[in-house]
Amino acid sequence: MNTNLVLPEGPPRDPDRPLLTDEEVFATHKHQSDFDIATLVRDQTRALQFFRWQDYIQRKFSKIVAPNDALNAVANTLNFMHPPLQPIYSFDASELPADTIVHLKETQRQSPLKAAGLMEYFMLSKSFFTVKILDVIAEVSQSGICTVYRCHITSIDGCSMTPSPSLCLKLFDDRFQRFRDQIEEEIDDLDNEDLPRWFDPVCMVESLVVNKILAYDKLRPVQGSVIPWFYGAHQFTLPDGTTLCGILMEYIDGWALNSKTVSALSLERQIKMIQSCRHAARVLDVGDINQCDWHCKQILLCTNPITNLDHAVLIDFALTTQTYEKETLNYIGNYFGILEILFRARSSGSALDPELALKHFREPDDWDPIGVRISVPWNKDGYKDIQARDMFSFITIC
């Protein structure tokens with residue numbers, strides 16, 4: 001390996017910065033972003049120290065906050081510098097089809113904080129607030145970095161209050177991301193050329209949080225319908241003193257696509273859910289927001305408590321993209337992303353009838369850049385071509 005060659009992973013190690021001891025690293029590094037990944041992928045010694053730090057952290061700390069624990073939060077503050085990203089295109093609700101606009105109005109929910117008379121007080125908070133953990137909604141997977149809790153606010157700016165309605169708190173903690181188990185046996189034979197692929201799965205909390213903030217901020221006009229109410233990103237302090245970034249949202253009392261409740265729904269209610277998913281896809285499309293990681297847990301199905309209408313709510317925008325430079329195409333694939341979840345019932349874990357999904361999800365809109373052939377066992381041809389209408393059929397190329 002030519003150590004003088006500057007590779008795309010980053011600059012070579014600075015010889016004027018000697019390796020810290022494990023004790024120094026364990027005491028000062030709190031998150032994966034405290035490490036210089038560009039250096040780790042070029043230096044075996046530093047890479048192995050990173051993994052020792054991970055082992056130390058995961059032995060010493062718990063990745064789950066216990067029910068009834070109180071977390072103090074600094075309002076509207078992040079423990080990292082927010083990059084100056086601004087999407088080029090805004091969300092223009094007038095571009096939505098008429099039936100989607102009607103659906104959004106029919107499924108509109110009032111903000112839980114506003115209903116409790118806390119909305120203005122909370123949003124104007126310049127200091128801190130406290131939340132009490134009620135239970136765990138979704139525990140982080142081995143390769144993930146987020147744990148989701150149900151909680152309520154118990155004080156704002158030091159003033160105790162009647163607990164707020166239940167809210168959803170998503171804490172981002174990359175310390176417990178496991179991504180090296182599959183190559184554990186290679187440590188003794190590790191070659192510097194293998195280092196970059198070791199760090200391919202590393203998630204940086206900061207970039208995921210920014211993606212969520214930008215998506216929710218843009219979708220503010222439709223929050224409370226197919227999008228949850230969003231109450232900002234804040235810095236939370238755990239009982240052990242660890243500070244983590246977290247986002248606070250409306251708690252959606254709904255069902256996952258693969259739940260028994262969904263599979264037991266009547267035919268009419270399943271159709272309503274499928275149609276609602278189609279409207280939700282349009283909302284993202286018009287907002288120039290592309291979900292890059294569609295799976296069945298990102299769609300919750302619920303019933304509006306006021307209108308009693310069944311509808312979908314989309315969650316988790318950590319792996320979304322938007323257009324930040326006009327020269328860079330933001331490929332929008334939400335139509336087929338959701339359809340694939342609904343249609344491939346067995347492989348995706350969806351409890352909805354796939355034939356029903358294909359029939360009532362309807363054809364792509366004119367702007368959808370979709371063109372696929374899917375296997376349809378009940379069709380006499382055995383397949384179905386899905387593509388948007390040709391808007392320029394009147395043009396003939398000679």
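The structure under discussion appears in the preceding block.
Worth saying up front: this structure is predicted, and the values here are computed from it rather than measured.

Chemist: Go over the packing of aromatic side chains with me, naming the residues and quoting the values.
Modeler: A complete count under the given rule lists 11 aromatic pairs for this structure. Plain terms: the ring middles of Phe26 and Tyr56 are 4.4 Å apart, the flat faces sit at 5° to each other, and that makes the pair stacked. With a gap of 30 residues between them, Phe26 in helix α1 (residues 22-28) and Tyr56 in helix α3 (residues 44-60) connect regions that are remote in the sequence. Judged by relative accessible area, which is 18%, Phe26 ranks as buried. With relative accessibility at 22%, the residue Tyr56 sits in the partly exposed group. Where Phe122 meets Phe129, the ring centres are 5.1 Å apart and the plane angle is 70°; that geometry is what we call edge-to-face. Residue Phe122 shares its accessibility class with Phe129, and that shared class is buried. Lying over the aromatic face of Tyr251, Arg150 brings its terminal NZ or CZ to 5.9 Å of the ring centre. The ring of Phe61 is capped by Arg175, whose NZ or CZ atom sits 5.2 Å from the centre of that ring.

Chemist: Would you mind going over the packing of helix α4 (residues 98-106) against helix α10 (residues 267-286) in detail, with residue names and values included?
Modeler: At a closest axis distance of 10 Å, the pairing of α4 and α10 adopts a crossing angle of 105°. One element, α4, and the other, α10, form an angle in the roughly perpendicular class. On α10, the residues that touch Asp99, Thr100, His103 and Leu104 of α4 are Ser276, His279, Arg282 and Val283.

Chemist: Can you lay out the sheet that holds strand β10 (residues 299-303) for me, pointing to particular residues and giving the numbers?
Modeler: Pairing in this open sheet of 3 strands is antiparallel, and the strands run β8-β10-β11 from one edge to the other. Bordering the open sheet on either side are β8 (255-256) and β11 (310-314), each of which pairs with just one other strand. Pairing of β10 with β11 involves 5 bridges; the strand directions are antiparallel. Note that in β11 the partner of Ile299 across the bridge is Leu314. Contacts between α10 and the sheet are confined to β8, β10 and β11, with β11 contributing the most and set at about 35° to the helix.

Chemist: Pulling in residues and values, what's your account of the nonpolar core?
Modeler: Within soluble globular proteins, side chains that are nonpolar tend to cluster in buried spots. Counting 61 residues, the largest nonpolar core has Leu219, Ile299, Leu314, Ile338 and Leu342 as the members making the most contacts within it. With 9 residues, the single largest contributor to this core is α10. If we skip the residues at most four places from it in the chain, Ile338 touches Cys277, Ala281, Trp294, Ile299, Leu314 and Phe361.

Chemist: How would you summarise the side chain of Thr107 if you had to cite specific residues and measurements?
Modeler: As for its position among the elements, Thr107 is in the loop between α4 and α5 (112-115). Exposure remark for Thr107: the relative accessible area of 0% places this residue in the buried category. One polar contact links the side chain of Thr107 to the main-chain carbonyl oxygen of His103, over a distance of 2.9 Å. In contact with Thr107, not counting residues within four places along its chain, are Gly224, Ser225, Asn304 and His311.

What counts and what doesn't
Residues numbered from 1 in each chain as written. Predicted model: local features only at pLDDT ≥ 70, side-chain atom pairs only at ≥ 80, totals over all residues. Heavy atoms only, no water. Phe/Tyr/Trp six-rings, centres within 6.5 Å; stacked < 30°, edge-to-face > 60°. Helix = DSSP H or I, 4+ residues; strand = E, 2+ residues; numbered from the N terminus. Buried < 20%, exposed > 50% of the residue type's maximum accessible area, 1.4 Å probe, protein only. Lys NZ or Arg CZ within 6 Å of the ring centre and 35° of its normal. Axes fitted to C-alpha atoms, helices over the stretch in contact; angles between N-to-C directions. Parallel < 35°, antiparallel > 145°, perpendicular 65-115°, else oblique. Contact = heavy atoms within 4.5 Å. Pairing = 2+ DSSP bridges. Core = buried A, V, L, I, M, F, W, Y, C linked by side-chain atoms within 4.5 Å. Polar contact = N/O pair within 3.5 Å; in protein donor to acceptor, adjacent residues only side chain to side chain.

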